[in-house]
Amino acid sequence: MSELRHDPVQKRWVIIAKERGQRPIEFKEEKEKPIDPKQCPFCEGNESKTPPEIMAIRDPNSTPNGPGWKLRVIPNKFPALTIEGELGRRGFGVFDMMNGIGAHEVIIETQKHNLHMGEMPLDHLLLVTTVYRERIKDLYKDKRFRYVLIFKNYGAQSGASIAHPHTQLIATPITPRTIAEELDSCKEHYLAKERCLFCDIINQELALEERIAYQNRHFIVICPFASRFPFECWVLPKVHSHDYTETPDDILRYFVDALQKTLWALKESLDDPPYNFLLHTAPSTTPRPGKPTYWSTLPYDYHWHIEIIPRLVRVAGFEWGTGFYINPVSPELAAESIRKILEKRAENEEKQ
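How each quantity is defined
- Residues numbered from 1 in each chain as written.
- Predicted model: local features only at pLDDT ≥ 70, side-chain atom pairs only at ≥ 80, totals over all residues.
- Heavy atoms only, no water.
- Helix = DSSP H or I, 4+ residues; strand = E, 2+ residues; numbered from the N terminus.
- Buried < 20%, exposed > 50% of the residue type's maximum accessible area, 1.4 Å probe, protein only.
- Polar contact = N/O pair within 3.5 Å; in protein donor to acceptor, adjacent residues only side chain to side chain.
- Contact = heavy atoms within 4.5 Å.
- Salt bridge = Lys/Arg side-chain N within 4 Å of Asp/Glu carboxyl O.
- Expected span 1.5 Å × (residues − 1).
- Axes fitted to C-alpha atoms, helices over the stretch in contact; angles between N-to-C directions.
- Parallel < 35°, antiparallel > 145°, perpendicular 65-115°, else oblique.
- Core = buried A, V, L, I, M, F, W, Y, C linked by side-chain atoms within 4.5 Å.
- Pairing = 2+ DSSP bridges.
- Disulfide = S-S within 2.5 Å.
- Phe/Tyr/Trp six-rings, centres within 6.5 Å; stacked < 30°, edge-to-face > 60°.
- Patch = residues over 30% accessible without salt bridge, like charges linked within 9 Å, V, L, I, M, F, W, Y side chains within 5 Å.
- Areas by Shrake-Rupley, 256 points an atom, 1.4 Å probe, with all protein chains shown as cover.

**Q** Got a sec to walk through the side chain of Glu182? Specific residues and values, please.
**A** Tracing the chain through its elements places Glu182 in helix α2 (residues 177-193). Glu182 sits in the buried class, given a relative accessible area of 2%. A distance of 2.6 Å separates polar atoms of two side chains, one belonging to Glu182 and the other to Tyr302. When residues no more than four places from it in sequence are discounted, the contact partners of Glu182 are Val9, Gln10, Phe198, His280, Tyr302, His305 and Glu307.

Here you go:
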């Protein structure tokens, strides 16, 4: 029998339709046709095809906006929001409007055109995640921006238009609804119980052990109780932390380990599926007029994390019409599948 499960963070219901019984093999789809790297604007040697870089990690003797880089950050050539101008908040009858001000950047993760993040060397992935941290810090210096979202689209079905490994960043002058709902739920939980909602979830999952896909000393990967999608995973710090930008390098290494292993396991289990991941972290805490205590409990009630969503099923009429999601794979089965493939990997590594 299927189950209705409630997500206490987003306060939404999810249908876990276990009777559909889909296994990883049933999600495999025809692969996209490969693109010639010579035509890829993100490949080394094609720097002239992109806007000038915002920052880069380069060889000491290389020239900006030329070859010799390990990682580049550039403005998106076709930005959703533009950085120049004023917000121009205004009303139009019952509607509210403002100018499309923000920032839209691309982090080109590596020179290698076909390198999956789950197979990226840990030291290089640490560079990538460090750049995430530094770009968020820098953009929060702009008082117009209230939130910076780091997200990755992998594969055409996830929304990626270029195959070369890259992550995107969008800074917005408002707190996005999904983040605002998380913040509200966390604050409500903290005011009632003086505990972090995500910490309570982590402690419960550690006690039950049913939905843990992976863990190391500082991070845990779970398939959430009310997973919206098959093999959805959350990567969370075990010790309470509200702001990704405050994560020091020694702790970030454990995050990189958890992220890389999870993405590798999904690639191996599901035949390299398209996926999205989203970094949810604290918003800008710049004081707002009329709301001097708006973020007063934020360091105590919020908990940063990454959500990884393999794109294995399509959102259709029922989901759009009701806000419910139908997930044909229980999170318990998904976590077990990921655990087994990672255990096998660990055994093989010990034998080598």
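Still more to cover.
**Q** An account of the pattern of salt bridges is requested, with residue identities and associated values reported.
**A** When the charged atoms of two side chains lie near each other, side chains of opposite charge can form a pair. What the rule picks out here adds up to 22 salt bridges. The salt bridge partner of Arg211 is Glu205, with a shortest N-O separation of 3.0 Å. Glu205 matches Arg211 in its accessibility class, with the two residues each being buried. Through salt bridges with shared partners, a single ionic network connects Glu105, Arg135, Asp138 and Lys141.

**Q** Describe helix α4 (residues 249-270), with residues and values.
**A** Over its 22 residues, α4 extends 31 Å from the first C-alpha to the last, a length consistent with the 32 Å expected when each residue adds 1.5 Å. At the exit of α4 stands Asp271, carrying a positive phi of roughly 60°.

**Q** If you had to explain unusual backbone geometry to someone new, which residues and values would you point to?
**A** One can expect most non-glycine residues to show negative phi and most peptide bonds to be in trans. A positive phi angle is found at Glu194, which is not glycine, with a value near 55°. Here Glu194 shows up in the loop between α2 and α3 (197-208). Classification of Glu194 as exposed rests on a relative accessible area of 64%. For Glu209, which is not glycine, the phi torsion reads 65° and is therefore positive. Looking at the secondary structure, you find Glu209 in the loop between α3 and β10 (212-215).

**Q** So what's going on with the packing of α2 against α3? Residues and values would help.
**A** Where α2 contacts α3, the axes come no closer than 8 Å and their chain directions differ by 80°. Here α2 lies roughly perpendicular to α3, going by the angle between them. On the side of α2, the interface is formed by Glu182, Ser185, Cys186 and His189, while α3 contributes Leu197, Phe198 and Asp200.

**Q** So what's going on with the nonpolar core? Residues and values would help.
**A** Membership of the largest hydrophobic core comes to 75 residues, with the highest contact counts inside it found for Met117, Phe255, Phe277, Ile308 and Ile338. It is α4 that provides the largest number of residues to this core, a total of 11 residues.

**Q** Outline the environment of Asp272, supporting the account with residue identities and numerical values.
**A** Tracing the backbone through its elements, the reader meets Asp272 in the loop between α4 and β13 (275-280). Look at Asp272 and you get partly exposed, because its relative accessible area is 23%. Sequence-wise, Asp272 and Pro310 are 38 residues apart; in three dimensions their C-alpha atoms are separated by 9.5 Å. Within the structure, the side chain of Asp272 is placed 2.8 Å from the side chain of Tyr154, a separation counted as a polar contact.

**Q** Please give an account of the sheet that holds strand β3 (residues 55-58) that cites residues and values.
**A** Strand order in this open sheet of 10 strands is β3-β4-β7-β9-β8-β13-β14-β12-β11-β10, and the pairing throughout is antiparallel. In this open sheet, the two edge strands, each paired with only one partner strand, are β3 and β10. Here the average twist between neighbouring strands, direction ignored, is 15°. Across the sheet, α4 lies against β10, β11 (219-222), β12 (233-237), β13 and β14 (305-310), angled at about 10° from β14, the strand it touches most. Contacting β10 and β12, helix α7 (residues 331-351) runs over the sheet at an angle of about 40° to β10.

**Q** Requested: an account of the state of the cysteines, with residues and values cited.
**A** With the rule as written, the count across this model stands at 0 disulfides. Of all cysteine sulfurs, the one in Cys40 lies closest to Cys43, which takes part in no disulfide; the gap is 3.8 Å. Classification of Cys43 as buried rests on a relative accessible area of 9%.

**Q** Please provide a residue-by-residue account of the packing of aromatic side chains, values included.
**A** Each aromatic ring pair is characterised by the separation of its centres together with the angle its planes make. Under the criterion given, the structure shown has 11 aromatic pairs. For the ring pair Tyr154 and Tyr275, a centre distance of 5.0 Å and an interplane angle of 25° mean the geometry is stacked. Residue Tyr154 is found in strand β8 (residues 147-154), and its partner Tyr275 is found in strand β13; the two are separated by 121 residues along the sequence. With centroids separated by 5.5 Å and ring planes inclined at 45°, the aromatic side chains of Phe219 and Phe255 adopt a geometry described as tilted. Of this pair, Phe219 sits in strand β11 while Phe255 sits in helix α4; the two residues are 36 residues apart in sequence, bridging distant segments of the chain. Phe255 matches Phe219 in its accessibility class, with the two residues each being buried. Put simply, the rings of Phe219, Tyr244, Phe255 and Trp304 touch in pairs and so form one group of aromatic residues.

**Q** So what about a nonpolar patch on the surface? Which residues, and what values?
**A** The grouping of Phe92, Val94, Phe95 and Met97 at the surface amounts to a nonpolar patch, some 480 Å² of accessible area in total. One can find Val94 in the loop between β5 (90-92) and β6 (95-97). Taking the relative accessible area as the measure of exposure, Val94 reaches 76% and is therefore exposed.

Such coordinate-based values are descriptive only and should not be taken to indicate function.
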